[in-house]
Amino acid sequence: MKKLLVASAVSAALAAPATALAQQARIPTLSQVLDASGISVNGYIDASYSWANRNQQAFTDRVFDQQNNSFSLNQFGLTVAKQPKEGFGGLVNLTVGQDAQFIHSFPEFGTQSTFDLTQAYGSYSAGALTVIGGKFATLAGTEVIASTGNTTYSRSILFGAIPFTHTGVRASYAPSDTFTLYGGLNNGWDQLSDANRNKTLEIGATFNPTKALTFTASGYFGVDPANPQTGAAPSGERDLIDIVANFIVSNSLSLGAEVLTFKQDFGAATAKYDGLALYGNFMLSSKYRATVRGEYFDDKNGFHFSTATGTKYYEGTLCLAFLPTSSVELRGEVRMDKASNAVYIDSGGSTSKTLMTFGAQGLYKF
């Protein structure tokens with residue numbers, strides 16, 4: 001009898017952990033709950049050190065890396081989305097950190113807030129058609145706001161010459177896997193609420209005739225203030241055409257190009273600028289990548305940078321990246337900018353035609 005009791009006790013003791021494990025296995029994790037509901041959550045942290053031989057806080061042709069000798073928390077980005085192939089969905093994208101203050105839309109632009117609601121929109125999909133409404137990223141450009149979407153530490157000059165976001169409606173229609181059309185209406189460039197009563201037309205198309213080749217063209221046509229982020233008058237016709245091409249040469253080499261043209265009417269005057277950027281991405285191994293970028297920007301009327309009329313800008317960038325895991329990327333970058341006029345300012349106040357910078361960046365993706 002005692003043997004039976006002991007055996008039963010031992011059996012129960014052995015079964016208890018197994019029962020507990022089975023009960024725990026039935027409790028879904030947060031990731032499993034989100035996956036089951038069709039909700040995706042992802043984000044990243046971007047921190048860096050930058051050095052410049054000129055005073056970038058006095059003048060720079062950059063959008064983000066404007067520090068002269070500083071460590072920075074550039075961005076904490078978080079995106080929560082539910083985007084089914086059929087039916088209703090939505091997306092919310094937050095940017096927190098030093099970079100956020102430079103991408104605020106009107107009327108928040110100019111504040112020192114390090115928080116930006118970069119995108120927030122609802123969507124509806126039915127077959128080849130998707131319609132979104134709210135605040136969303138621009139169609140224009142090669143480089144994007146999120147640091148993880150680029151292969152260099154610094155952004156191009158052209159990145160600052162296009163809008164960041166729009167508030168309005170956009171429809172995309174993809175009749176095949178190789179062709180997508182875009183059309184929409186919005187408040188204009190970087191305007192959460194419209195700075196005037198006029199709306200901007202958005203049109204675009206993406207064409208990838210082969211897996212290796214992709215073309216994207218976008219155009220924005222409307223009437224906006226001369227500085228839409230601040231709402232500064234006067235208003236006039238503002239047009240942008242931007243074309244991007246990417247070609248995958250091999251598993252280790254890809255090439256890219258971007259060209260844009262812009263004009264803004266204000267009063268009796270018209271201002272224009274044009275730009276060109278070329279890219280080369282080289283996978284040196286599974287863990288190392290090199291990116292080179294060359295750029296030309298003609299600020300014909302001194303409109304974009306508010307400097308000497310007819311200033312032309314050139315820049316060359318070399319960025320080396322180490323990817324120890326799929327979640328971590330470490331970048332080191334050297335960049336030289338040159339202008340046709342002495343627009344860069346030394347710490348002592350004298351001017352120069354050149355700017356040299358160095359950047360080291362760490363990215364963690366989750």
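See the structure shown above.
Since the model is a prediction, treat every value here as computed from it, not as a measurement. (Residues numbered from 1 in each chain as written. Predicted model: local features only at pLDDT ≥ 70, side-chain atom pairs only at ≥ 80, totals over all residues. Heavy atoms only, no water.)

Draft legend 1. Here's a closer look at the overall build of the chain. Assigned secondary structure in the chain consists of two helices and 18 strands. By principal-axis analysis of the C-alpha atoms, the chain measures approximately 105 × 45 × 45 Å. The 366 residues of the chain split such that 41% are buried. In the form shown here, the chain has an accessible surface area of approximately 17,600 Å², with 65% of it arising from carbon and sulfur atoms. Computed over 26 positive and 28 negative side-chain charges, the separation of the two mean positions in the chain equals 10 Å. (Helix = DSSP H or I, 4+ residues; strand = E, 2+ residues; numbered from the N terminus. Buried < 20%, exposed > 50% of the residue type's maximum accessible area, 1.4 Å probe, protein only. Areas by Shrake-Rupley, 256 points an atom, 1.4 Å probe, with all protein chains shown as cover. Lys, Arg positive; Asp, Glu negative; His and termini not counted. Charge placed at Lys NZ, Arg CZ, Asp CG, Glu CD.)

Draft legend 2. Structural view of unusual backbone geometry. A cis amide bond, omega 10°, links Phe 106 with the succeeding residue Pro 107. Relative to the elements of secondary structure, Pro 107 occurs in the loop between β3 (87–96) and β4 (115–126).

Draft legend 3. How the structure looks around the pairing of β3. By the bridge criterion, seven bridges tie strand β2 (residues 69–82) to β3 in an arrangement that is antiparallel. Within the sheet, the bridge partner assigned to Leu 78 lies in β3 and is Leu 94. Linking two consecutive strands that pair antiparallel, namely β2 and β3, is a turn of four residues. For β3 and β4, the ladder comprises ten bridges, and the chain directions are antiparallel. Across the sheet, the residue bridging to Leu 94 is Leu 117, located in β4. (Pairing = 2+ DSSP bridges.)

Draft legend 4. Just the pattern of salt bridges, in detail. Tallied over the entire structure, the rule returns 18 salt bridges. Asp 65 is the partner of Arg 62 in a salt bridge, and the nearest nitrogen-oxygen pair spans 2.6 Å. Across the pair, Asp 65 and Arg 62 agree in class, each one buried. A salt bridge links Arg 335 to Asp 337, with the nearest nitrogen and oxygen atoms 2.9 Å apart. (Salt bridge = Lys/Arg side-chain N within 4 Å of Asp/Glu carboxyl O.)

Draft legend 5. The arrangement of a nonpolar patch on the surface in detail. Nonpolar side chains collect at one region of the surface, where Phe 282, Leu 284, Tyr 288, Val 292, Leu 318 and Leu 320 lie side by side and expose about 540 Å² of accessible area between them. Only β13 (288–299) and β14 (311–322) provide two or more residues apiece to the nonpolar patch. According to the relative accessible area criterion, Tyr 288 is partly exposed, its value standing at 43%. (Patch = residues over 30% accessible without salt bridge, like charges linked within 9 Å, V, L, I, M, F, W, Y side chains within 5 Å.)

Draft legend 6. Geometry of the packing of aromatic side chains. In the structure shown here, the tally under the stated rule is 21 aromatic pairs. For the ring pair Phe 76 and Phe 366, a centre distance of 6.3 Å and an interplane angle of 15° mean the geometry is stacked. Remark: Phe 366 occurs in the segment after β18 (354–365) and Phe 76 occurs in strand β2; sequence separation between them is 290 residues. Owing to a relative accessible area of 42%, Phe 366 belongs among the partly exposed residues under this scheme. The interplanar angle of 75° and the centroid separation of 6.5 Å between the aromatic rings of Tyr 121 and Phe 136 together place this pair among those described as edge-to-face. Here Tyr 121, found in strand β4, pairs with Phe 136, found in strand β5 (residues 129–137); they are 15 residues apart in sequence, far enough to count as distant. Pair check on accessibility: Tyr 121 and Phe 136 agree, each one buried. One aromatic cluster is present, formed by Phe 59, Trp 189, Phe 262, Phe 266, Tyr 273, Phe 297, Phe 303, Phe 305, Tyr 313 and Tyr 344 through successive ring pairs. Across from the ring centre of Phe 159, 5.6 Å away, lies the NZ or CZ of Arg 155, which sits over that ring. The ring of Trp 189 carries the charged tip of Arg 238 above its face, separated from the ring centre by 4.5 Å. (Phe/Tyr/Trp six-rings, centres within 6.5 Å; stacked < 30°, edge-to-face > 60°. Lys NZ or Arg CZ within 6 Å of the ring centre and 35° of its normal.)

Draft legend 7. Layout of the nonpolar core. Within the largest apolar cluster, 26 residues are counted, with the highest numbers of intra-cluster contacts made by Leu 240, Leu 260, Tyr 273, Phe 297, Tyr 313 and Tyr 344. Looking at this core, the elements with two or more residues in it are β9 (213–227), β11 (253–266) and β12 (269–283). Counting six residues, the second-largest nonpolar core is a separate cluster that includes Phe 64, Ile 103, Ile 145 and Phe 164. (Core = buried A, V, L, I, M, F, W, Y, C linked by side-chain atoms within 4.5 Å.)

Draft legend 8. Looking closely at the side chain of Glu 202. In this structure, Glu 202 sits in strand β8 (residues 200–210). Judged by its relative accessible area of 0%, Glu 202 is buried. Within the local environment of Glu 202, its side chain forms a polar contact with the side chain of Tyr 220, the two groups lying 2.6 Å apart. With near-sequence residues (within four places) excluded, Glu 202 lies in contact with Phe 136, Leu 139, His 166, Arg 170, Tyr 182, Gly 183, Gly 184, Asn 186, Gly 219 and Tyr 220. (Polar contact = N/O pair within 3.5 Å; in protein donor to acceptor, adjacent residues only side chain to side chain. Contact = heavy atoms within 4.5 Å.)

Draft legend 9. Representation of the pairing of β8 within the structure. Here strand β7 (residues 179–186) pairs with β8 via eight bridges, running antiparallel. Its bridge partner being in β8, Gly 183 is matched across the sheet by Ile 203. For β8 and β9, the ladder comprises eight bridges, and the chain directions are antiparallel. Bridging from a neighbouring strand, Thr 210 pairs with Leu 213 of β9.

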